[in-house]
Amino acid sequence: MYQGSYHGSKKHEPDLGKVLNRAWDGGMNRIIITGGNLIDSKKAIELSRTDSRLFSTVGCHPTRCGDFLPDPEKYLSDLKHLIQENKDKVVAIGELGLDYERLHFCEKEVQLKYFEYQLKLSQELQLPLFLHCRNAANDLVEILSRNKEHVVGGVVHSFDGTQEELENILKLDLFIGINGCSLRTKENLEVAARIPQDRLMIETDSPWCEVKQTHPGYKYVVTKPATVKKEKYSVESDCQVKGRNEPVNIIQVLEILAAIRNEPIDELAETIYNNTCKLFFNNK
């Protein structure tokens, strides 16, 4: 999408540089690019090398775990070597986890096997986990509990679970990552308001997971950038592309959380920033 391509159709010129500049101008000072499999992780690292403020994860997303099947040992070894060769840029193992909403991409048993298979990299390489969980919290918690000795911290990103699921994840000493997809319902807001401040992180998951006007938390959003449809978008424009999320919009997630938690926004921002640095950037 930042190359101007949507479902294979070119709508505008590449504008990733402009998107990143908006993020830096908006007050961000580091961005983590998520790797979804071996090929994507290599691309994420390549991109991270274009700017000292960019970092990446390396791992295999649950919907891509079929990539392990031809030769699991070699695939895991390739992930490990990629991390070892780029220690200055890789800040987490992931994105990995379980996704039971999209089993058509990868069947449940394959996801379960290769989620657990990747966990040993955390202890071996002393890196936290960047975790994905969709409709699979019980199995995720069970596997992580069973492998506690292999896990060096982590965050369940894009969390949209129940209060009970939140409590079970917190028992594992993990952080909770909140974005627009985490705040789509009234129940989501109630759960997000109860996350302990010292376990809370925010993210955008760009270009996905924007805060939409139909979301119950949108009424708390103060920062509303001008947008234009992708067909009419110009790189020279100061507008964002309608329906395409950007890193700078992380402020909207912060604004919603500060409002529903009734906490001073600057204090909350500082705590979240410190949480993020503690998990991902302790040795950077």
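In the nomenclature of an unreviewed UniProt entry, the protein corresponds to Deoxyribonuclease TATDN1 from the organism Danaus chrysippus.

## Let's talk about the overall build of the protein
In terms of regular secondary structure, the protein is built from 10 helices and 11 strands. Taken against the 2.2 N^0.38 rule, which gives 19 Å for 284 residues, the C-alpha radius of gyration of the protein at 18 Å falls within 12% of a compact globule. Its C-alpha atoms give the protein principal-axis dimensions of roughly 50 × 40 × 40 Å. The long-range share in the protein, meaning contacts at least 24 apart out of those at least 6 apart in sequence, stands at 71%. On the protein, roughly 13700 Å² of surface is accessible, and the fraction owed to carbon and sulfur atoms is 49%. Taken as two groups, the 37 positive and 42 negative side-chain charges of the protein have centres that lie 3 Å from each other.

## Looking at the nonpolar core
Note on soluble globular proteins: their nonpolar side chains tend to be buried together. One finds Phe115, Leu144, Ile178 and Leu257 to be the most contacted residues of the largest nonpolar core, which totals 71 residues. Top contributing element to this core by residue count: helix H9 (residues 250-261), with six residues. The residues touching isoleucine 178, leaving out its near neighbours within four places in the chain, are Phe159, Leu183, Ile195, Leu200, Met201, Ile202, Glu203, Val253 and Leu257. Counting residues in hydrophobic clusters, the runner-up holds 10 residues, among them Ala92, Val155, Met201 and Phe280.

## Re the state of the cysteines
Scanning the entire structure with this criterion turns up one disulfide. Two residues, cysteine 181 and cysteine 209, share a disulfide whose sulfurs are 2.4 Å apart. Across the disulfide from cysteine 181 to cysteine 209, rotation about the S-S bond amounts to roughly -95°, and the bridge is consequently left-handed. Taken together, the positions of cysteine 181 in the loop between strand S8 (175-178) and helix H8 (186-192) and cysteine 209 in the loop between strand S9 (200-202) and strand S10 (227-228) put the pair 28 residues apart, joining distant regions of the chain. A single burial state applies to cysteine 181 and to cysteine 209, both of which are buried.

## Regarding the packing of aromatic side chains
Considering all chains together, one arrives at six aromatic pairs under this definition. Aromatic side chains phenylalanine 280 and phenylalanine 281 sit 6.4 Å apart centroid to centroid with 65° between the ring planes, which places their arrangement in the edge-to-face category. Per residue, the accessibility class of phenylalanine 280 equals that of phenylalanine 281, and both read buried. Ring pairs connect the aromatic residues Phe68, Tyr75, Tyr114 and Tyr117, which therefore count as one cluster. A cation sits over an aromatic face here: arginine 53 above tryptophan 24, 4.1 Å from the ring centre.

## Points about the packing of helix H3 (residues 72-84) against helix H4 (residues 108-118)
Two elements in contact, H3 and H4, have axes whose closest approach is 11 Å; the angle formed by their N-to-C orientations is 45°. The angle between H3 and H4 falls in the class oblique. Two packed elements cross with a definite hand, and for H3 against H4 that hand is right-handed. Within the contact between the two elements, H3 uses Pro72, Glu73, Leu76 and Leu79 and H4 uses Tyr114, Tyr117 and Gln118. Taken together, the residues of the contact of H3 with H4 sort by class into five nonpolar, one polar and one charged.

Procedures and definitions
Residues numbered from 1 in each chain as written. Predicted model: local features only at pLDDT ≥ 70, side-chain atom pairs only at ≥ 80, totals over all residues. Heavy atoms only, no water. Helix = DSSP H or I, 4+ residues; strand = E, 2+ residues; numbered from the N terminus. Rg over C-alpha atoms; globule rule 2.2 N^0.38 Å. Contact = heavy atoms within 4.5 Å. Areas by Shrake-Rupley, 256 points an atom, 1.4 Å probe, with all protein chains shown as cover. Lys, Arg positive; Asp, Glu negative; His and termini not counted. Charge placed at Lys NZ, Arg CZ, Asp CG, Glu CD. Core = buried A, V, L, I, M, F, W, Y, C linked by side-chain atoms within 4.5 Å. Buried < 20%, exposed > 50% of the residue type's maximum accessible area, 1.4 Å probe, protein only. Disulfide = S-S within 2.5 Å. Phe/Tyr/Trp six-rings, centres within 6.5 Å; stacked < 30°, edge-to-face > 60°. Lys NZ or Arg CZ within 6 Å of the ring centre and 35° of its normal. Axes fitted to C-alpha atoms, helices over the stretch in contact; angles between N-to-C directions. Parallel < 35°, antiparallel > 145°, perpendicular 65-115°, else oblique. Left-handed = near helix turned anticlockwise from the far one by under 90°. Nonpolar A, V, L, I, M, F, W, Y, C, P; charged D, E, K, R; others polar.

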